[in-house]
Amino acid sequence: MGTFPVRLLACSKQKPTVQMASPHLLPFLPLLLLLAPSSAATGVIQLPSARACAAPPDPAVYDRPVIGIVSHPGDGASGKISNGTATSYIAASYVKFIESAGARVIPLIYNEPEERLLEKLSLVNGVLFTGGSQKSGIYFETIKKVFQYVVDKNDAGVILPLFAQCLGFELISMIVSKDNNILESFSASNQASTLQFPNYSSLEGSVFERFHPDLIKKLSTSCLVMQNHKYGISPKRLRENGALSSFFRILTTSPDENGEVYVSTVQAQKYPITCTQWHPEKAIFEWGKPMIPHSEDAVQVTQNFANYFVSQARKSPNRPPADKVLDNLIYNYSPTFSGKTSKSFDEVYIFS
Ligand SMILES: *[C@@H]1O[C@H](CO)[C@@H](O)[C@H](O)[C@H]1NC(C)=O
Ligand SMILES: *[C@@H]1O[C@H](CO)[C@@H](O)[C@H](O)[C@H]1NC(C)=O
């Protein structure tokens with residue numbers, strides 16, 4: 001099928017030629033316009049055809065990625081919004097983090113029936129595990145199921161990236177090591193920290209590859225990232241655990257308030273799985289805690305992480321039906337402004 005070049009009338013005070021056509025010629029106008037040789041069409045701007053602007057379709061890249069985020073028990077506001085035992089929430093900052101990089105979110109509500117969870121997983125191109133505190137019960141079981149789903153997909157050659165933060169990283173450490181006591185205590189509640197890079201060659205093929213070297217340097221000298229956790233894992237314990245050290249490579253470490261060093265960023269050796277003990281989403285989207293860095297450098301760190309994760313999701317071969325995506329998007333819910341009553345999150349999506 002041929003495409004016709006688009007012609008626009010130039011902006012001029014002259015009356016457009018279209019209006020000068022006599023009424024009986026009007027039915028033929030489209031034909032006349034087509035037949036008019038472009039050299040004779042004075043005052044007509046020839047635009048490149050739409051096809052010339054369209055990116056050549058690359059079947060390996062999907063520009064409409066959708067990310068599933070697992071909801072966490074509670075309301076994210078210490079019961080001030082909802083005390084329901086079945087209530088769960090997703091802080092809107094995680095959703096905006098994903099949106100900022102050109103993707104949309106489907107909430108994976110942790111206590112929904114398994115068939116709903118699987119149906120929603122069939123619609124996503126990536127998964128995010130948030131921070132939080134719950135390390136047992138139905139929530140932990142759901143995280144295990146979703147983690148296994150991600151691993152199985154990737155093992156089958158179907159790219160499905162996972163980004164796990166804070167609690168998400170802690171739970172994956174427990175799952176991979178098969179040891180629910182693998183974590184250690186650290187003092188890093190409401191703390192801005194540096195990221196130390198113990199091995200620059202390990203950064204190859206990781207999120208940090210897209211960082212400008214100056215920003216890497218600043219990360220190691222300035223407190224550009226937000227920590228908010230009481231647990232973590234030391235590099236020593238991670239290296240000494242066979243399952244963990246063969247699964248992950250350490251990208252960064254950070255010192256807690258007492259100078260105790262824990263692993264702050266890891267990348268799975270064989271999977272598109274990245275975990276951070278810190279919270280990239282907060283630098284741009286959370287304002288409740290005074291320690292959250294909001295500098296231009298901190299914002300760039302966040303943007304690099306969001307862009308990296310969504311770029312991985314674009315490699316996912318999943319092409320979910322548009323109507324099913326719309327039916328399940330988080331836009332079917334409205335976020336609640338919680339920043340006036342709680343310091344934890346500025347906005348939360350509540351599911352009950
Ligand atoms: C939830 O319970 C707490 C403690 O009893 C109470 O202070 C709070 O107002 C309740 N929240 C709602 C939304 O009812
Ligand atoms: C540094 O990272 C590279 C790439 O992952 C790895 O091959 C090497 O063994 C690491 N070096 C040390 C000292 O851990």
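Scroll up for the structure.
This text gives an overview of the structure that appears in the document. Please read all numbers here as calculations on a predicted model, not as lab measurements.

Some points on the site of ligand 2
Alright, step 1. Every residue close to ligand 2 is listed here: Asn199, Ser201, Ser202 and Arg249.
Alright, step 2. A distance of 2.3 Å separates an oxygen atom of ligand 2 from a polar atom in the side chain of Asn199.
Alright, step 3. In the complex, the protein chains occlude 30% of the 360 Å² of accessible area that ligand 2 would expose alone.
Alright, step 4. Classifying every residue of the shell around ligand 2 gives no nonpolar, 3 polar and 1 charged.

Observations concerning the site of ligand 1
Alright, step 1. In the vicinity of ligand 1, the contacting residues are Gly79, Lys80, Ile81 and Asn83.
Alright, step 2. Note that a nitrogen atom of ligand 1 is positioned 2.7 Å from one of the backbone N or O atoms of Gly79.
Alright, step 3. Measuring from an oxygen atom of ligand 1, one finds a side-chain N or O atom of Asn83 at 2.4 Å.
Alright, step 4. Computed on the free molecule, ligand 1 has an accessible area of 370 Å², of which 31% lies beneath the protein chains in the complex.
Alright, step 5. The residue inventory of the shell around ligand 1, partitioned by class, reads 1 nonpolar, 2 polar and 1 charged.

Focus: the sheet that holds strand β5 (residues 88–91)
Alright, step 1. One open sheet holds the 4 strands; their spatial order is β4-β5-β15-β14, and the pairing between them is antiparallel. In this open sheet, the two strands that pair with only one neighbour each are β4 (72–73) and β14 (336–337).
Alright, step 2. Two strands pair when backbone bridges link them, and β5 and strand β15 (residues 347–351) are joined in this way by 4 bridges, in the antiparallel orientation. Among the inter-strand pairings, Ala91 is bridged to a residue of β15, identified as Val348.

Things to note about the sheet that holds strand β8 (residues 162–165)
Alright, step 1. Taken in spatial order, the 7 strands make up an open sheet running β6-β3-β7-β8-β13-β12-β11, and their pairing is mixed. Either end of the sheet is taken by a strand with one partner, and the two such strands are β6 (104–108) and β11 (248–255). Averaged over all adjacent pairs, the angle separating strand axes in this sheet is 20 degrees, with direction ignored.
Alright, step 2. Of the strands in this sheet, β6 and β7 (126–129) touch helix α5 (residues 114–121), which is tilted by about 165 degrees from β6.

Overview of the environment of Met226
Alright, step 1. The residue Met226 is located in strand β10 (residues 225–232) in this model.
Alright, step 2. Exposure remark for Met226: the relative accessible area of 2% places this residue in the buried category.
Alright, step 3. Separated by 51 residues in sequence, Met226 and Gln277 place their C-alpha atoms 9.2 Å apart.
Alright, step 4. Setting aside residues no more than four positions away along its own chain, Met226 makes contact with Asn190, Gln191, Trp278, His279, Lys282, Lys289, Met291, Ile292 and Pro293.

Looking at the pattern of salt bridges
Alright, step 1. One pass over the structure, following the stated rule, counts 10 salt bridges.
Alright, step 2. Close ionic contact of Glu114 with Lys145 constitutes a salt bridge, the shortest N to O distance being 3.4 Å. In this pair, Glu114 is assigned in helix α5 and Lys145 in helix α6 (residues 137–155), connecting sequence segments 31 residues apart.
Alright, step 3. Residue classification places Glu114 among the partly exposed residues on the basis of a relative accessible area of 40%.
Alright, step 4. A salt bridge links Asp297 to Lys218, with the shortest nitrogen-to-oxygen separation between them at 3.2 Å. Of this pair, Asp297 sits in helix α12 (residues 296–313) while Lys218 sits in helix α8 (residues 213–221), placing them 79 residues apart in sequence.
Alright, step 5. For Asp297, a relative accessible area of 22% gives the class partly exposed.
Alright, step 6. Taking relative accessible area as the criterion, Lys218 reaches 35% and is therefore assigned partly exposed.

Rules and cut-offs
- Residues numbered from 1 in each chain as written.
- Chains lettered and ligands numbered in written order.
- Predicted model: local features only at pLDDT ≥ 70, side-chain atom pairs only at ≥ 80, totals over all residues.
- Heavy atoms only, no water.
- Near = heavy atom within 4 Å.
- Polar contact = N/O pair within 3.5 Å; in protein donor to acceptor, adjacent residues only side chain to side chain.
- Areas by Shrake-Rupley, 256 points an atom, 1.4 Å probe, with all protein chains shown as cover.
- Nonpolar A, V, L, I, M, F, W, Y, C, P; charged D, E, K, R; others polar.
- Pairing = 2+ DSSP bridges.
- Helix = DSSP H or I, 4+ residues; strand = E, 2+ residues; numbered from the N terminus.
- Axes fitted to C-alpha atoms, helices over the stretch in contact; angles between N-to-C directions.
- Contact = heavy atoms within 4.5 Å.
- Buried < 20%, exposed > 50% of the residue type's maximum accessible area, 1.4 Å probe, protein only.
- Salt bridge = Lys/Arg side-chain N within 4 Å of Asp/Glu carboxyl O.

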